[in-house]
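# Residue-level structural notes
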There are 2 protein chains.
Amino acid sequence: MNEKELQSYLAEASRDVEQALDRLLPMRQISPEAAIYFAMRYSLFGGGKRLRPALFFAALEACGAKRDAYLDVAAALEMIHTASLIHDDMPEMDDDDLRRGRPSCHKVYGPAMALLAGDGLFIHAFAVLSRPLPGAAPERQLAAVREIALRSGLGGMVAGQAAEWDNMTRPVDQGLLEYISRGKTSALLIAAVKAAGLLAGADGEKLQALDDYGLHAGLAFQIIDDVLDVEGDDATLGKPAGSDEERGLVTFASLLGCDEARRQAEAEAEAAVAALAVFGAEADTLRAFPPFFVSRRH
Amino acid sequence: MNEKELQSYLAEASRDVEQALDRLLPMRQISPEAAIYFAMRYSLFGGGKRLRPALFFAALEACGAKRDAYLDVAAALEMIHTASLIHDDMPEMDDDDLRRGRPSCHKVYGPAMALLAGDGLFIHAFAVLSRPLPGAAPERQLAAVREIALRSGLGGMVAGQAAEWDNMTRPVDQGLLEYISRGKTSALLIAAVKAAGLLAGADGEKLQALDDYGLHAGLAFQIIDDVLDVEGDDATLGKPAGSDEERGLVTFASLLGCDEARRQAEAEAEAAVAALAVFGAEADTLRAFPPFFVSRRH
């Protein structure tokens, strides 16, 4: 699959997951809590790349399952990702006024409503995930829910954010930086591909392969994110470039320099693809993502 | 069951759920994310009444099930409740410096870590809830998870908080105030008793009775909360009395006056007990809670 084919795969995945999101979180204009729906939907439909849903779909494909029965799971992954972005941008965290070229949620709806919108999205994801899925045995579904909860929470994303925040003023080495990135970035990619494997009934060897894939793909993604913050321009990034350096953040780019960081991102992308050796051609879509993570411009 | 017996029931429920919490969230002192564990545990072990776990246990009893297999569910309910308190207290929300007589989480660990601690507890609750429960069929477990997610999120607690926040500056009548309280307070009580019913395999009639019970018990609880904020003193409440009025909040006490509010709380408590008519003596513990909600001093 070449980059153009991957772009059209991503566009189709976006359409599918956005339809599911709109169905699962319809606007409630005439309700005392209308404001939280405006805030959640503002951030949900803010032009994200929908990478986690797309990876989830590609992993279903690799494990021989169709996406139609599992669109809600893809939507739940995107709800969790969006919730984390809303909270990340808040004044007490990164204090980012812009997200994807638009004012961030708390700039538009205020920090209280942004806090609640994040909480609402985090929790609603699990309401969606625990709805009966006709396609999956309840045991498998519970295992997928648990995988997603662990990876997005204390066994992954939230733990990574806490580790980053608490080590802001300490000397950060590459080991710690990788630890943080495994939590902040890899964990939810692992959740996406492993939840697909669990729902599709993949065996232990394949689940481990998906785990390794998500880990390395996430590191490739994060390293390039750091490089783009140095090399990119505001318009392409949708946020001010150089914001990491301005905040005094230690990143892969600041620690290794952009050239060495790019080299390491390429090695991680190769490791991600190599992890899929146990799969045949059915994982070719999944194999197309890591090189794209490295070559992307924003 | 008299009030003294209920107090000892509550003490035992507290012991059980605190042991489960300590097991499910052990301190991680030597880890890059140690700070979030300090923050979560500070708030989790801050002397809460553990009402939701106790109601969950009492509802299990009413439905003929033993609590031992379901201690983790009780702990998850308390994690969700604690997460909501941490976020409620934050500067952008109620801006409360005190909670149960101690500095609130964000005063001790800072608002960023408090934000993450709340997120961590919300999400970890669902990691705990989706772990295989030997006692329950997976379908029933999924139904309980879904009930808890809906009631704590957009079908209950978070929606109620959003409705309250967004109507702060508008004239609030008793209808809207009840709507908000059904979300903010009743919803998680309903989740506690209905999750118990679902796990124990209660029939539709009993599930509806538990739903009605939780609704009315929650309103009784909230009305008295508002009254105590007017009539109580700082030391007994563990926070400054009169804080609702100071914030210009419309409450049952300000809308109805304390005497009429108390009368309505008693009526709600009676309605909660009446809802349990379908149960026999096995629901006597559950029946003891609503009168206690009305007679409590803090």
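Residues numbered from 1 in each chain as written. Chains lettered and ligands numbered in written order. Predicted model: local features only at pLDDT ≥ 70, side-chain atom pairs only at ≥ 80, totals over all residues.

## Concerning the overall build of chain A
When you go through chain A residue by residue, the secondary structure sums to 14 helices and 2 strands. On C-alpha atoms alone, chain A measures out to a radius of gyration of 18 Å, which is about the 19 Å that the 2.2 N^0.38 rule sets for 298 residues. With respect to the three principal axes, the spread of C-alpha positions in chain A is 50 × 50 × 35 Å. Per-residue burial for chain A yields a buried fraction of 56% across its 298 residues. (Helix = DSSP H or I, 4+ residues; strand = E, 2+ residues; numbered from the N terminus. Rg over C-alpha atoms; globule rule 2.2 N^0.38 Å. Buried ≥ 20, exposed ≤ 12 C-beta atoms within 10 Å, placed from the backbone.)

## Topic: unusual backbone geometry
Even without glycine at this site, Arg100 of chain A takes up a positive phi of about 50°. Within the secondary structure, Arg100 of chain A sits in the loop between strand S1 (98–99) and strand S2 (102–103). With a phi close to 60°, Arg50 of chain B is a non-glycine residue in the positive phi region. For Arg50 of chain B, a count of 24 C-beta atoms within 10 Å gives the class buried.

## Topic: the packing of helix H7 (residues 157–166) of chain A against helix H8 (residues 174–200) of chain A
Residue and element names in this part refer to chain A. Remark: H7 packs on H8, axes separated minimally by 7 Å, with the N-to-C direction vectors making an angle of 150°. In terms of axis orientation, H7 runs roughly antiparallel to H8. Crossing geometry of H7 relative to H8 is assigned as left-handed. Contacts between H7 and H8 involve Met157, Ala159, Gly160, Gln161, Ala163 and Glu164 on the former and, on the latter, Tyr179, Ile180, Arg182, Gly183, Lys184, Ala187 and Leu188. (Axes fitted to C-alpha atoms, helices over the stretch in contact; angles between N-to-C directions. Parallel < 35°, antiparallel > 145°, perpendicular 65-115°, else oblique. Left-handed = near helix turned anticlockwise from the far one by under 90°. Contact = placed C-beta atoms within 7 Å.)

## What to know about the confidence of the model for chain A
Here chain A averages 94 in pLDDT, and 98% of its residues register 70 or above. Note on the complex model: pTM 0.96, ipTM 0.96. (pLDDT = per-residue confidence, 0-100.)

## So, the environment of Pro53 of chain A
Residues and elements named next belong to chain A. As for its placement among the helices and strands, Pro53 is situated in helix H3 (residues 51–62). A tally of 29 C-beta atoms within 10 Å means that Pro53 is categorised as buried. Considered as a pair, Pro53 and Gly242 are 189 residues apart in the sequence and their alpha carbons are 29 Å apart. Excluding its chain neighbours within four sequence positions, the residues that come into contact with Pro53 are Ala13, Val17, Ala74, Leu77 and Glu78.

## Points about the interface of chain B and chain A
Residue-level contacts link 44 residues of chain B with 44 residues of chain A. Among the elements of the structure, helix H2 (34–44), helix H5 (105–129), helix H6 (138–152), helix H7 (157–166) and helix H8 (174–200) of chain B are those that each provide at least two residues to the side of chain B that touches chain A. It is H5 of chain B that contributes the most residues to the side of chain B that touches chain A, 12 residues altogether. Looking at the side of chain B that touches chain A residue by residue, the class counts come to 28 nonpolar, 9 polar and 7 charged. (Nonpolar A, V, L, I, M, F, W, Y, C, P; charged D, E, K, R; others polar.)

## Quick notes on H8 of chain A
Every α-helix carries 3.6 residues per turn, so stepping three or four residues along brings you back to the same face. Residue and element names in this part refer to chain A. Along its length, H8 reaches its greatest deviation from straightness, about 50°, at Ser186. The buried count for H8 comes to 23 of 27 residues, which makes it a mostly enclosed element. A positive backbone phi angle near 75° is found at Gly201, which sits one or two residues after H8. (Bend = angle between axes of the 7 residues up to and from the residue.)

## Description of the relation of the copies chain B and chain A
Between the two copies, chain B and chain A, the superposition gives an RMSD of 0.0 Å; the rotation angle is 180° and the shift along the axis is 0.0 Å. What the superposition gives is, in effect, a two-fold axis relating one chain to the other. Every residue of chain B has its C-alpha some distance from the rotation axis, and the shortest such distance is that of Pro138 of chain B, at 2.8 Å. Looking at the interface residues of chain B, 100% of them are also at the interface in chain A, so both copies use one shared face. (Least-squares fit on C-alpha atoms with pLDDT ≥ 70 in both.)

## As for the packing of helix H1 (residues 3–24) of chain B against helix H4 (residues 71–89) of chain B
Residue and element names in this part refer to chain B. In contact at an axis separation of 9 Å, H1 and H4 are set at 85° when each is read in the N-to-C sense. Relative to H4, the element H1 lies roughly perpendicular. On the side of H1, the interface is formed by Asp16, Val17, Ala20, Leu21 and Leu24, while H4 contributes Leu71, Asp72, Ala74, Ala75 and Glu78.

## Digging into H6 of chain B
Given a rise of 1.5 Å per residue, 15 residues ought to cover 21 Å, and the 21 Å separating the end C-alpha atoms of H6 of chain B matches this to within 8%. Along H6 of chain B, the residues classified as buried are Gln141, Leu142, Ala143, Ala144, Val145, Arg146, Glu147, Ile148, Ala149, Leu150, Arg151 and Ser152 of chain B. Where the residues of H6 of chain B are buried, they touch helix H5 (105–129) and helix H6 (138–152) of chain A together with H4, H5, H7 and H8 of chain B. (Expected span 1.5 Å × (residues − 1).)

## A few points about the environment of Phe293 of chain A
All names here are of chain A. Take Phe293: it is sitting in helix H14 (residues 284–295). A tally of 22 C-beta atoms within 10 Å means that Phe293 is categorised as buried. On a C-alpha basis, the gap between Phe293 and Glu266 in space is 9.2 Å, while along the polypeptide they are 27 residues apart. Aside from chain neighbours lying at most four places away, what touches Phe293 is Ala217, Ala220, Phe221, Ile224 and Ala269.

## As for the environment of Ala83 of chain B
Residue and element names in this part refer to chain B. For Ala83, the position within the fold is in helix H4. Residues Ala83 and Met168 lie 85 residues apart in sequence; the distance between their C-alpha atoms is 22 Å. Dropping the residues within four chain positions of it, Ala83 is found in contact with Gly118, Leu121 and Phe122.

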